Amino acid sequence: EIASAISEKIGSPVNFVSVAVDDFEKQLAPGFGELGAKEISNLYRFVEQNRERLTNKSFSNTNDALGVTPQTITEWVNSVNWSLS
């Protein structure tokens, strides 16, 4: 859904490719180091292991406490400067 929204905004195809978390970690290691790659990947492991708890949670109290209003995907895509220059 995010790739599709970005594609529409920039007028070029953007593809999402799902990667296993362990493979993702290996791909991150050259740029972030072993520890950085492990910790970034651990965030994805947590989400993977707690998907239902996270997606079924009401975030209204969190939004109120932080004083934020979530954006739609379209609003977020429109707020980013996608120019490469």
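Before reading on, note that the structure itself is shown above.
This one's a predicted model, so the numbers in the text were calculated from it and none came from an experiment.

Chemist: Talk me through the pattern of salt bridges; I want residue IDs and the actual numbers.
Modeler: Think of it this way: side chains of opposite charge can pair up when their charged atoms draw near. By the definition in use, this model includes two salt bridges. For the salt bridge of Arg 45 with Asp 22, the shortest nitrogen-to-oxygen distance reads 2.7 Å. Among the residues examined, Arg 45 registers a relative accessible area of 16% and is labelled buried. A salt bridge links Glu 25 to Arg 45, with the nearest nitrogen and oxygen atoms 2.6 Å apart. Shared partners join several salt bridges into a network, and the residues in it are Asp 22, Glu 25 and Arg 45.

Chemist: Quick one: what's the story with helix α2 (residues 21-49), residue by residue and with numbers?
Modeler: Compared with an ideal rise of 1.5 Å per residue, which puts 29 residues at 42 Å, α2 spans 12 Å between its outermost C-alpha atoms and falls more than 12% short. The axis of α2 is deflected most strongly, by about 130°, at Phe 32.

Chemist: Explain the layout of surface pockets to me, and be specific about the residues and the numbers.
Modeler: Of the voids in this model, the largest pocket is the one considered here, and its volume is about 410 Å³. Of all elements in the fold, only α1 (2-10) and α2 reach the threshold of two or more residues within the lining of the largest pocket. Residue composition of the lining of the largest pocket, grouped by class: nine nonpolar, one polar and three charged. Counted as a void, the second largest pocket has a volume near 170 Å³. In terms of lining residues, the second largest pocket is bounded by Ile 2 and Ile 73.

Chemist: Describe α1, naming the residues involved and giving the relevant values.
Modeler: Of the residues making up α1, those classed as buried are Ala 3, Ala 5, Ile 6 and Ser 7. Each element contacted by the buried residues of α1 is listed here: α5 (73-79). With its phi angle positive at about 75°, Gly 11 sits one or two positions after the end of α1.

What counts and what doesn't
- Residues numbered from 1 in each chain as written.
- Predicted model: local features only at pLDDT ≥ 70, side-chain atom pairs only at ≥ 80, totals over all residues.
- Heavy atoms only, no water.
- Salt bridge = Lys/Arg side-chain N within 4 Å of Asp/Glu carboxyl O.
- Buried < 20%, exposed > 50% of the residue type's maximum accessible area, 1.4 Å probe, protein only.
- Helix = DSSP H or I, 4+ residues; strand = E, 2+ residues; numbered from the N terminus.
- Expected span 1.5 Å × (residues − 1).
- Bend = angle between axes of the 7 residues up to and from the residue.
- 1 Å grid on protein atoms, 1.4 Å probe; cavity = no way out; pocket = protein on both sides within 12 Å on 5 of 7 lines; lining within 4 Å.
- Points joined across faces, edges and corners; volume = space filled by probe spheres on them.
- Nonpolar A, V, L, I, M, F, W, Y, C, P; charged D, E, K, R; others polar.
- Contact = heavy atoms within 4.5 Å.

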